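Structure assessment
The residues making up each chain are set out below.
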Amino acid sequence: MSSILSIRNLRGGYSEVDILNGLDLDLAPAEILVVAGTNGAGKSTLAKAVLGLLPRLSGTVSLAGDDITRLPVEARARAGIGYVPQVSNVFPSLSITENLAVVEGVTGQKARIEEMFVLFPALAARRRSRAGSLSGGERQQLAFARALMTRPRVVVLDEPTAALSPALVEESFARIASLAATGAAVLLIEQRARQALAIAHRGAILDGGRVAMSGSAETLLADDRAAALYLGQQH
Amino acid sequence: MISFAELALNGIVSGLVIGLAALAVTLVFGIARFANAATGDVMTLGAYAALSGAGLTGSLVLGGLFGAAAGAVVGLIGYWLVFRKLGGRSSVAALLASIGVAFMIRAVMGVAFGHGQKVFPMPMVRPWRILDIRVHPNDVNLCAVVLVTLAIVFAILHLTPIGRQMRAVADDPSLARVSGISPQKVMMALWALAGAVSGVAGTVVGIKTVVSPEMGWELLLPAFAAAILGGIGHAGGAIVAGIALGIVQEVATPFVGFTYKIALSFVVLLAVLLVRPKGLFGTVAGAR
Ligand SMILES: Nc1ncnc2c1ncn2[C@@H]1O[C@H](COP(=O)(O)OP(=O)(O)O)[C@@H](O)[C@H]1O
Ligand SMILES: [Mg+2]
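Predicted model only: the values in this text are computed from it and were never measured.

Summing up its helical and strand segments, chain B has 11 helices and 2 strands in all. In sequence order, chain B lays out its α and β elements as α-α-α-α-β-β-α-α-α-α-α-α-α. At 18 Å, chain B has a C-alpha radius of gyration in line with the 19 Å of a compact globule built from 288 residues. Principal-axis analysis of the C-alpha atoms gives chain B an extent of 60 × 45 × 35 Å. The proportion of buried residues among the 288 residues of chain B is 50%. Carbon and sulfur atoms provide 73% of the accessible area of chain B, an area that totals close to 12800 Å². Computed over 18 positive and 9 negative side-chain charges, the inter-centroid distance for chain B is 11 Å.

What follows is the structure, given as structure tokens:
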């Protein structure tokens, strides 16, 4: 299998304690992979490890076959990993346009910004507004657009629907589904595992800093043990 | 007899200088996240460089550019040798290190230029009388220099890619990195810019008063006070607060006397910290 993102035996954490305990994960090109798990399972920590934000890390992270484990954060971003963090995902004092223009490693910057405005029309109408003045939904669109500026090969989304009102959740999942259609592989961290698996190809469930279960989205949704332990009540 | 209007006018000049120094403080605070106590002594160094530059070239303007360049170079050296290595440590460590850098610069200035006071060779010009207020052409020129410097700094911050990146790092350093922004590049731009601003501020103080190894250190407290009053990390706030502080200091001088006017900064500093810690223009507690 030729993975775009490949994670092998990842261990590490914020201090001496390991949060990730030997984690393996593969992401195929244009695939949506849901990473689920209870609060504190290490989902955000995994995202930080992929981006290079974790203070202590061993194991390997490869992007399209290249080992990027030792690359600094900004170099990984430019190499083609987009990231929408769980919190603080825009620059509040910069305008919408500035939030997009500030991204480094974008070829054809002006045109790319316009492409983002076509993709996210709500942003185009307010391009001079400070990002800090945006609503939750607009802010998330801006965070997506910022992460997509470099035409990333992999996008890591950390609980993108957590801060949204229920009415916006469906819309957000639809947008995520369309990301994969642009060719980017999506690592989608979600608490709303059922809804997320509905738009995903595969899923992995984290427990204690390693992958406890994984499989195709259909398999996981049909699995009684996954349902009982991790996916919560069926709505 | 010196009228209140003239005192206030003087206050605007010294306030603009305090504002420039506060701008240097607030830029470093917003982006490198510590109170840089070496700001005042980089001003001193800028003043001496400007004095030497003016002596060599016979031009005050070129001298001022020397001052700005020297400030930028020392800012970069300080970053490269000291503050870069403290990145990720507590801001107290960086503050203490900056006090050390301040003493070193001051000592070197004392050895290199002596401890006596020096003055810029300024032509004597008769003051203008406008509505019975004496206005010194030199003061007008100095105001113009400060305003042009401010315009350049704001243009860099708001109209250039590196300025945009500096503001992004001030907003959120880790989001900046995941957006591909190199922290080192931004830090070098920051230290060069803050150093150049300090160098210009020192030159203006030197022209307005005298040049001595202690001049910048004495301006540090008003600069900190203005930076905090303006909302720490808020560039425009630093300027407005600096001007306000300068006017208050000058207008109060007849009442409190020359020696105590500096203490006013301290009173303002304490009052702001107690009453409105985020300053006049700050929106969020902490660095922004
Ligand atoms: N910045 C941090 N410093 C120290 N520990 C952290 C930090 N962030 C998270 N942790 C710890 O790491 C563990 C996993 O957290 P996280 O990856 O955020 O979980 P999840 O995103 O799955 O809810 C938790 O025990 C949490 O307390
Ligand atoms: Mg999380």
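Another point: the site of ligand 1. All names here are of chain A. Close to ligand 1 lie Tyr14, Ile19, Thr38, Asn39, Gly40, Ala41, Gly42, Lys43, Ser44 and Thr45. Contacts to ligand 1 include Lys43, whose backbone N or O atom sits 2.8 Å from an oxygen atom. When the free accessible area of ligand 1 is taken as 560 Å², the share hidden by the protein chains comes to 58%. Tallied by class, the residues present in the shell around ligand 1 amount to 3 nonpolar, 6 polar and 1 charged.

Moving on, we come to the interface of chain A and chain B. Tallying the contact residues gives 23 residues for chain A and 19 residues for chain B. Across the chain A/chain B interface, buried area totals approximately 1800 Å², and carbon plus sulfur atoms make up 57% of it. Counting the surface chain A buries against chain B, the share from its top three residues, Glu74, Phe91 and Glu104 of chain A, is 30%. Across the contact surface, chain A and chain B share 3 salt bridges. At the surface where chain A touches chain B, the tally comes to 8 residue pairs in polar contact (both at pLDDT 80 or more).

A word on the packing of aromatic side chains. Each aromatic ring pair is specified by the distance between its two centres and by the angle formed by the two planes. All names here are of chain B. In total, this model carries 6 aromatic pairs over all chains according to the counting rule given. Both rings, one in Tyr48 and one in Phe113, keep their centres 4.4 Å apart while their planes meet at 15°; by these two values the pair is stacked. Taken together, the residues span a long stretch of sequence, with Tyr48 in helix H2 (residues 39-57) and Phe113 in helix H4 (residues 91-113) at a distance of 65 residues. An angle of 45° between the planes, with centres 5.8 Å apart, marks the rings of Phe103 and Trp217 as tilted. A residue pair is termed long-range when its members are at least 10 positions apart, and Phe103 in helix H4 and Trp217 in helix H9 (residues 215-229) qualify at 114 residues. A relative accessible area of 47% means that Phe103 is categorised as partly exposed. Using a relative accessible area of 32% as the deciding quantity, one classes Trp217 as partly exposed. Counting every residue linked through ring pairs, the aromatic cluster contains Phe34, Phe83 and Trp191.

Residue and element names in this part refer to chain A. Summarising the metal site, the magnesium ion (ligand 2) is bound by the protein donors Ser44 (OG) and Gln86 (OE1), whose distances to it range over 2.1 to 2.3 Å. With a gap of 42 residues between them, Ser44 in helix H1 (residues 43-51) and Gln86 in the loop between strand E6 (81-84) and helix H3 (96-101) connect regions that are remote in the sequence. Judged by its relative accessible area of 18%, Ser44 falls in the buried class. By relative accessible area, which is 35% here, Gln86 ends up partly exposed.

What counts as what
- Residues numbered from 1 in each chain as written.
- Chains lettered and ligands numbered in written order.
- Predicted model: local features only at pLDDT ≥ 70, side-chain atom pairs only at ≥ 80, totals over all residues.
- Heavy atoms only, no water.
- Helix = DSSP H or I, 4+ residues; strand = E, 2+ residues; numbered from the N terminus.
- Rg over C-alpha atoms; globule rule 2.2 N^0.38 Å.
- Buried < 20%, exposed > 50% of the residue type's maximum accessible area, 1.4 Å probe, protein only.
- Areas by Shrake-Rupley, 256 points an atom, 1.4 Å probe, with all protein chains shown as cover.
- Lys, Arg positive; Asp, Glu negative; His and termini not counted.
- Charge placed at Lys NZ, Arg CZ, Asp CG, Glu CD.
- Near = heavy atom within 4 Å.
- Polar contact = N/O pair within 3.5 Å; in protein donor to acceptor, adjacent residues only side chain to side chain.
- Nonpolar A, V, L, I, M, F, W, Y, C, P; charged D, E, K, R; others polar.
- Contact = heavy atoms within 4.5 Å.
- Buried area = accessible area lost by both parts, 1.4 Å probe.
- Salt bridge = Lys/Arg side-chain N within 4 Å of Asp/Glu carboxyl O.
- Phe/Tyr/Trp six-rings, centres within 6.5 Å; stacked < 30°, edge-to-face > 60°.
- Donors = N, O, S within 2.8 Å, 3.2 Å for Na, K, Ca; no water.

Remember, this is a structural readout, not a statement about activity or role.
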